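The chain contents come next:
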Amino acid sequence: MRIASLFAGVVIMLLAGCGHSSQQHPPSGQSTFAQYQRETTHWVQQHRDFQSPDRKMELRWNTPQEWRPEGRAQKGILLIHGLGDAPGSFTDIAPELARQGFLVRSVLLPGHGTRPEDLNAVSVNDWRRVVSEQATLLQKEVDEVWLGGFSTGANLAIEYAVKHPEVAGMLLFSPAIKSNEPLVALTPFIAPFRQWLKAPRTGYPLQRPTRYMIVPTNGFAQFWYSSSAAQAALHRHPYDKPVLMVLTEHDSVLDTPAMLKAFDQQFTSPRSRLIWYGAPQRERVLSRRVLVRPDALPRQRISQFSHMSVLFSPQNPVYGVRGSDRMCENGQREENYRACRQGAEVWFSAWGYREVGKIHARLTWNPWFSWQNEIMTQVVTEENSSPDRG
């Protein structure tokens, strides 16, 4: 009897976790984006654990932002960041979209922008609410609405776009539709009992000025809900409007070969393109809509691309080639981590890649960024009748 009661209690907690909404995150329900941006910024300023002396930079990176084109915007796009990340993920992509005539806005998902522990108090429904509210506000100002997302944010974009035919298309960067870790499906069961899947390591930062470096179990559980919802949405309704999807072969988080294989069935518009950073996958015939660039660039000391690298220009002042933030937390041996922190020469890769005789930091920029922007422009402006196969 006691076992049955315990099991029932776990089920109730899981159901509550999927629908739970905490008051311990920014206010919602604003009538304008300006009000949303102002109130969210004030909330983050009051609750953030700042990581550097440059509080102005941290606040801008971790709060909703807007980029306006010249003249009246007829198109708009809402950009949604990933798990543990921040609106600043789009600091290089957003200006390019504004140059293409988009009114560009980014959102802050509840639980982010302050400290990692705050992800314990959120559910995927909190994230969905922000996307729905801000997409609705954007639709009032422009004739055509697009959605864009990175990783978990791409899952939220997919789920919303499939359900709302007024959305004109999507930009999906490292979309987290399918994880390469099957045990992530267990995180909703683990979250009520275990705050962290792995305890924070002494000497390693919990967060940086630009993102969290560790995520509570509940964060992974809510990611799993978003991934499952995106898969279910595409299974019911393959998406027939224009999409740009960007994937890396050696993504340490996602099963990108499976997503590459499913692209033609799930994203059917002739205008859609998938950019694949990696080997050409010669064992299968690729669609003409799949464009390939290598992700091993030895002359630049790049062994492979990472999950996050697709987002940033080589000139980015934080994450670029000469950026201020070298990400040494990359699954290396302790002595390699220390050497990286002390300024040793490094190679760059996805998380967890190791090679004898080399120290690897995380690759945080995209050497093909300018070309990627050209493909993005083609997708959003209908200029892709002759895809660049490269």
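It should be emphasised that the depicted structure is a prediction, and the values quoted were computed from it without experimental measurement.

Here is what the cut-offs are and how they apply
Residues numbered from 1 in each chain as written. Predicted model: local features only at pLDDT ≥ 70, side-chain atom pairs only at ≥ 80, totals over all residues. Heavy atoms only, no water. pLDDT = per-residue confidence, 0-100. Contact = heavy atoms within 4.5 Å. Disulfide = S-S within 2.5 Å. Helix = DSSP H or I, 4+ residues; strand = E, 2+ residues; numbered from the N terminus. Buried < 20%, exposed > 50% of the residue type's maximum accessible area, 1.4 Å probe, protein only. Pairing = 2+ DSSP bridges. Axes fitted to C-alpha atoms, helices over the stretch in contact; angles between N-to-C directions. Phe/Tyr/Trp six-rings, centres within 6.5 Å; stacked < 30°, edge-to-face > 60°. Lys NZ or Arg CZ within 6 Å of the ring centre and 35° of its normal. Parallel < 35°, antiparallel > 145°, perpendicular 65-115°, else oblique. Left-handed = near helix turned anticlockwise from the far one by under 90°. Nonpolar A, V, L, I, M, F, W, Y, C, P; charged D, E, K, R; others polar. Salt bridge = Lys/Arg side-chain N within 4 Å of Asp/Glu carboxyl O.

**Describing the confidence of the model for the protein**
Next, step 1: Looking at the protein, pLDDT values average 91 and 91% of them are 70 or higher.
Next, step 2: In the model, residues 1–23 has pLDDT below 50 throughout and makes 22 contacts with residues more than four positions away in sequence or in other chains.

**Quick word on the state of the cysteines**
Next, step 1: A complete count under the given rule lists 1 disulfide for this structure.
Next, step 2: The disulfide that involves Cys328 links it to Cys340, with 2.1 Å between the sulfurs. The S-S bond linking Cys328 to Cys340 shows a torsion near -75°; that makes this disulfide left-handed. Placement of Cys328 in the loop between strand S8 (290–293) and helix H10 (334–341) and of Cys340 in helix H10 is noted, with a sequence separation of 12 residues between them.
Next, step 3: Classification of Cys328 by relative accessible area gives buried; the value is 3%.

**Here we look at the sheet that holds strand S7 (residues 273–277)**
Next, step 1: If you trace the 8 strands from one edge of the open sheet to the other, you get S1-S3-S2-S4-S5-S6-S7-S8, paired in mixed fashion. Since the sheet does not close on itself, it has two edges, and those belong to strand S1 (66–67) and S8, each with one partner.
Next, step 2: Where strand S4 (residues 144–150) lies against strand S5 (residues 167–173), 6 bridges are found, and the strand directions are parallel. The partner of Leu147 across the bridge, within S5, is Met170.
Next, step 3: Of the strands in this sheet, strand S2 (75–80), strand S3 (102–106) and S4 are in contact with helix H5 (residues 124–139), which crosses S2 at around 165°.
Next, step 4: Against the sheet, helix H9 (residues 256–266) touches strand S6 (243–248), S7 and S8, its axis set at about 150° to S7.

**Description of the packing of aromatic side chains**
Next, step 1: Applying the stated rule across the entire model yields 11 aromatic pairs.
Next, step 2: On the basis of an interplanar angle of 90° and a centroid distance of 6.1 Å, the ring pair of Phe102 and Trp146 is categorised as edge-to-face. Here Trp146 lies in strand S4 and Phe102 lies in strand S3, a separation of 44 residues in the sequence. As far as the burial class goes, Phe102 and Trp146 line up, both buried.
Next, step 3: Three or more aromatic residues joined by ring pairs form one cluster here, namely Trp61, Phe312 and Tyr319.
Next, step 4: We note Arg293 situated over the ring of Trp368; from NZ or CZ to the ring centre the distance is 5.4 Å.
Next, step 5: We note Lys358 situated over the ring of Trp347; from NZ or CZ to the ring centre the distance is 3.6 Å.

**Observations regarding the pairing of S2**
Next, step 1: With 6 of its 6 residues buried, S2 lies for the most part within the structure.
Next, step 2: Residues Lys75, Ile77 and Leu79 line one face of S2 and the alternating positions Gly76, Leu78 and Ile80 line the opposite face, and both faces are buried.
Next, step 3: Judged from the 5 bridges that link them, S2 and S3 form a sheet pairing that is parallel. The residue of S3 that forms the bridge with Leu79 is Ser106.

**Observations regarding the packing of H5 against helix H6 (residues 152–163)**
Next, step 1: Remark: H5 packs on H6, axes separated minimally by 10 Å, with the N-to-C direction vectors making an angle of 60°. Classified by the angle between their axes, H5 and H6 sit oblique to one another. Relative to H6, the crossing made by H5 is right-handed. Together, Val124, Trp127, Arg128, Val131, Ser132, Ala135 and Thr136 of H5 and Thr152, Leu156, Glu159 and Tyr160 of H6 make up the contact between the two elements.
Next, step 2: Broken down by class, the residue content of the contact of H5 with H6 amounts to 6 nonpolar, 3 polar and 2 charged.

**What about the pattern of salt bridges?**
Next, step 1: Counting across every chain of the model gives 19 salt bridges.
Next, step 2: The closest approach of N and O atoms between Arg68 and Glu141, which form a salt bridge, is 3.4 Å. On the criterion of sequence distance, the pair formed by Arg68 in the loop between S1 and S2 and Glu141 in the loop between H5 and S4 is long-range, its members being 73 residues apart.
Next, step 3: A relative accessible area of 51% places Arg68 in the exposed class.
Next, step 4: Accessibility expressed as a relative area gives 36% for Glu141, which makes it partly exposed.

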